[in-house]
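Structure assessment
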Amino acid sequence: MERFIRLDARACPLGLANVDTDQLIPARFMSRPRSEGYGRFLLHDLRFGADGQSLGFPLDVPRHAGAAVIVARRNFGTGSSREAAVYALWDYGIRCVIAPSFGDIFASNAVKNGLLPAQVSPEDAEAILALLEVAEVPRLVVDLESQRIELDDRAFPFSIDRVRRLQLLNGWDDLDLTRRHAEEIAAFRARRLAEAPWLLPS
Amino acid sequence: MQQARTLFDKVWDSHVIVTREDGESLLWVDRHFVHEGSHHAFRQVEARGLAVAEPALTFGVADHYVPTRNRPAIADPEIAGMVERLSANAVRHGFRLFGLEDPDQGIVHVVGPEQGLTLPGLLVVCGDSHTSTHGALGAYAFGIGASEVAHVLMTQTLWQRKPKRMRIRIEGALAPGLSAKDLALHVIRTIGADGARGHALEYAGAAISALSMEGRLTLCNMSIEAGARCAMVAPDAVTFAYLRGRPLAPQGEAFERACAVWRGLASDPGAVFDRDIALDASAIAPLVTWGVSPEDALPIDARVPDPASETDPARAGYLEQALAYMGLRAGMPLEEVAVDRVFIGSCTNARIEDLRAAAAILRGRKATVPGLVSPGSSRVKAQAEAEGLDRVFREAGLEWADSGCSMCVGMNGDLVGPGERCASTTNRNFRGRQGKDARTHLMSPAMVAAAAVTGRLTDLRKLAGG
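The structure contained in this document is the topic of the report that follows. Computed from a prediction, not measured in an experiment: that's the story for all the values here.

Check the secondary structure of chain A and you find eight helices and seven strands. Oriented by its inertia axes, the alpha-carbon framework of chain A measures out at about 65 × 45 × 30 Å. Taken over 202 residues, chain A has a buried fraction of 59%. Sequence separation of at least 24 residues holds for 66% of the intrachain contacts in chain A that already meet a minimum separation of 6.

Structure representation (structure tokens):
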């Protein structure tokens, strides 16, 4: 997994609340193999009309070209557990989403793919959105070590679960951690099934 | 003396293998359901050259993409490939598959409880957010992403941080004609689409005790739409009666031994919840959604919200965009909203009780708009046919189809057309959920049946008993 330490990048203000994972990647694209790249499916139906023409969505205006950060309002990534939503963001080039709250499953999926869900207060989200709109170049710095977002001469703190922070900083993989506990897992399994054999469906 | 524990605490504690210094716990998984959409996870397992750790605790169900007509043929080669890949993985790794030709096939969250695979006190996961459904039986059940599915396949465990505990007590009785769907929409509109985020939810109170198992499954199913990590109802006599004799539940003496354990699965008196909310079921009217989030729900006799009367500009902007997408006029009565079609199905509302409630409205009446009925499982379908419910739907003019996720998510091609408006028993009214530019109104099965009869959103109480 790629490590996330510090990112200095262009940011795209979305200003939308409740951006669900059906928006992030519509279901009809999910049977495609990942090897094709999922970036072009990101927020597809908000970005493209019936003939594939651009609808002028913020991601597609020249000012936000190459954005690696998205800033949104509350409850980003709500809904379906589809990890393909994270694949779409990642393959597009997004490495961090800043919002006042995230869907739990989305946030977990994000970290497992190296993408940072940075939680800010609702007031700070509004301030960042407003600053990005008026900035000459909509650019900001996300520093995971200090858990700070820097924009112009302002700094905003963000929160993230401390374990997830370490995973992102170190690029840790869950499976490597789990394997260290193989003996404890085997002992737990044996004990559980001995105490209640009916747990194993016949 | 041991500290008073919540139901969730008890189930959590019994699954902890180790807890790291940083607070993350490694949990044992009792039941892992996979479906044909889990292909990303199986690819990760293959890439590591590993096998499925516990095939006897792994169950495959073909539901997300399967056709609901002309089975077992699958016309779309891409979908056929996905379903074949699931079958091949089941053979290769040696787990039980509820495939397309299996009489026990259905939607994973209907099949698990129906087969007796989901039991009180178990930890249940699946790569689908509506796994919260299984908590209705007192299980700790939650949806996971593909990376976690792969981790469970390879280790039968998951790393989790213990969520906070939240209780919603609902006292009072639902008015006649109302159902668990109305309760669920009431909860979501009250606390918001992220109101239970980060929390393990327990439902309690007289209105919950009075619910059938089908109703509890609906309520726990929709809890993810309030952002809950999981939702639970303490097992009781309703639970035990539902489980007794289920094909894959413990049988005979083993069932009695299990019941003795399950009776202890209730929150202790004095157990502390991080949040505790009280609601009144008797105050609820039939609810429908008008917007693009499940929290956008209002009583059927209300009017579409007006952005002009909002003081918060962000909220006004949200309303404007939602109304534009939904093609609704600010301030119009919800009962004047005309629908183009109806859908009765999904893991939320396609169990036998749901089909009976819809059929009770449709019996002897004609639908004025087209519609599709897809039972929650092939068993539910067979039972509905034995009760003659299929005839009621067909005679009303609705299409009676096979079981799958169908028009709830549209992956199999059962779609609501662009700009079309659908009254639906499903769980998500997100933009494009039922098809590109489709407009979804969520409501109970009886309310969908009422909308089918009149061709517009309708208070079922005006039709009930008529």
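Counting 191 residues, the largest nonpolar core has Phe76 of chain A together with Tyr203 and Phe393 of chain B as the members making the most contacts within it. At eight residues, helix H15 (residues 445–454) of chain B tops the list of elements feeding residues into this core. Each of two domains, domain 1 (7–275) and domain 2 (288–462) of chain B, supplies a minimum of three residues to this core. In this structure, Val111, Leu129, Phe156 and Leu168 of chain A belong to the second largest nonpolar core, which totals 29 residues.

Here the focus is the interface of chain A and chain B. Each partner contributes to the interface: chain A provides 55 residues, whereas chain B provides 69 residues. Taking both sides of the interface into account, the surface hidden between chain A and chain B amounts to around 5000 Å²; carbon and sulfur atoms contribute 55%. In this structure, Arg192 of chain A engages Asp30 of chain B in a salt bridge whose closest nitrogen and oxygen atoms are separated by 2.9 Å. Inspection of the chain A/chain B interface yields 27 residue pairs in polar contact (both at pLDDT 80 or more). Listed by contribution, the elements that provide at least two residues to the side of chain A that touches chain B are helix H1 (21–24), helix H2 (44–47), helix H4 (104–112), helix H6 (162–170), helix H7 (174–179) and helix H8 (182–195) of chain A.

Right, let's get into the layout of surface pockets. Roughly 930 Å³ of volume is contained in the largest pocket. Lining the largest pocket are 37 residues, with Leu16 and Ala17 of chain A together with Tyr318, Gln321 and Arg431 of chain B positioned closest to its centre. The element contributing the most residues to the lining of the largest pocket is helix H11 (residues 313–326) of chain B, with six residues. Within the lining of the largest pocket, the residues separate by chemical class into 17 nonpolar, nine polar and 11 charged. In this structure, the second largest pocket spans a volume of roughly 810 Å³. If you go around the second largest pocket, you meet 29 residues; those closest to its centre are Asp104, Asp161 and Arg164 of chain A together with Arg161 and Gly198 of chain B. The leading source of residues in the lining of the second largest pocket is H4 of chain A, at five residues. For the lining of the second largest pocket, the per-class residue count stands at nine nonpolar, eight polar and 12 charged.

Our next topic: the pairing of strand E7 (residues 140–143) of chain B. All names here are of chain B. Here E7 shows a buried face lined by Tyr140 and Phe142 and a second buried face lined by Ala141 and Gly143. Strand direction decides the pairing type here: strand E6 (residues 123–126) and E7, joined by four bridges, are parallel. In the sheet register, Leu123 faces E7, and the bridge partner there is Tyr140.

Now for the packing of helix H12 (residues 352–362) of chain B against helix H13 (residues 378–386) of chain B. What describes two packed helices is the angle between their axes and the distance between those same axes. Residues and elements named next belong to chain B. As a packed pair, H12 and H13 sit with axes 10 Å apart at the nearest point and diverge in direction by 40 degrees. Classified by the interaxial angle, the pair formed by H12 and H13 is oblique. Read as a crossing pair, H12 and H13 show a hand that is right-handed. Side by side, H12 and H13 meet where Ile352, Leu355 and Arg356 of the first sit next to Val380, Gln383 and Ala384 of the second. For the contact of H12 with H13, the residue count by class is four nonpolar, one polar and one charged.

With that out of the way, let us pick up the side chain of Thr426 of chain B. Residues and elements named next belong to chain B. When you line up the elements, Thr426 lands in the loop between strand E18 (421–424) and strand E19 (439–442). A polar contact of 2.7 Å, which involves the side chain of Thr426, links it to the side chain of Ser424. Leaving out residues up to four positions away in the same chain, Thr426 has contacts with Lys181, Met222, Phe343, Gly345, Ser346, Thr348, Cys408, Gln434, Thr440 and Leu442.

The tally for this structure, following the rule as stated, stands at 46 salt bridges over all chains. Where Arg433 of chain B meets Asp22 of chain A, a salt bridge forms, and the shortest distance between an N and an O atom there is 3.0 Å. Taken as a pair, Arg433 of chain B in the loop between E18 and E19 and Asp22 of chain A in helix H1 lie in two separate chains rather than in one. For Glu420 of chain B, the salt bridge is made with Arg341 of chain B, and the minimal N-O distance between the two is 2.9 Å. Remark: Arg341 of chain B occurs in strand E15 (residues 341–344) and Glu420 of chain B occurs in the loop between strand E17 (399–400) and E18; sequence separation between them is 79 residues. Judged by its relative accessible area of 23%, Glu420 of chain B falls in the partly exposed class. One connected set of salt bridges, linked through shared partners, spans Arg71, Lys381, Glu385 and Asp402 of chain B.

The next thing to look at is the packing of H4 of chain A against H6 of chain A. Residues and elements named next belong to chain A. Where H4 meets H6, the axes come as close as 10 Å, and the angle between the chain directions of the two elements is 30 degrees. Considering the angle they form, H4 stands roughly parallel to H6. Two secondary-structure elements touch here, H4 through Asp104, Ala107, Ser108 and Val111 and H6 through Arg164, Gln167 and Leu168. Partitioned by chemical class, the residues of the contact of H4 with H6 number three nonpolar, two polar and two charged.

Here is what the cut-offs are and how they apply
- Residues numbered from 1 in each chain as written.
- Chains lettered and ligands numbered in written order.
- Predicted model: local features only at pLDDT ≥ 70, side-chain atom pairs only at ≥ 80, totals over all residues.
- Heavy atoms only, no water.
- Helix = DSSP H or I, 4+ residues; strand = E, 2+ residues; numbered from the N terminus.
- Buried < 20%, exposed > 50% of the residue type's maximum accessible area, 1.4 Å probe, protein only.
- Contact = heavy atoms within 4.5 Å.
- Core = buried A, V, L, I, M, F, W, Y, C linked by side-chain atoms within 4.5 Å.
- Domains from an automatic or database assignment.
- Buried area = accessible area lost by both parts, 1.4 Å probe.
- Salt bridge = Lys/Arg side-chain N within 4 Å of Asp/Glu carboxyl O.
- Polar contact = N/O pair within 3.5 Å; in protein donor to acceptor, adjacent residues only side chain to side chain.
- 1 Å grid on protein atoms, 1.4 Å probe; cavity = no way out; pocket = protein on both sides within 12 Å on 5 of 7 lines; lining within 4 Å.
- Points joined across faces, edges and corners; volume = space filled by probe spheres on them.
- Nonpolar A, V, L, I, M, F, W, Y, C, P; charged D, E, K, R; others polar.
- Pairing = 2+ DSSP bridges.
- Axes fitted to C-alpha atoms, helices over the stretch in contact; angles between N-to-C directions.
- Parallel < 35°, antiparallel > 145°, perpendicular 65-115°, else oblique.
- Left-handed = near helix turned anticlockwise from the far one by under 90°.

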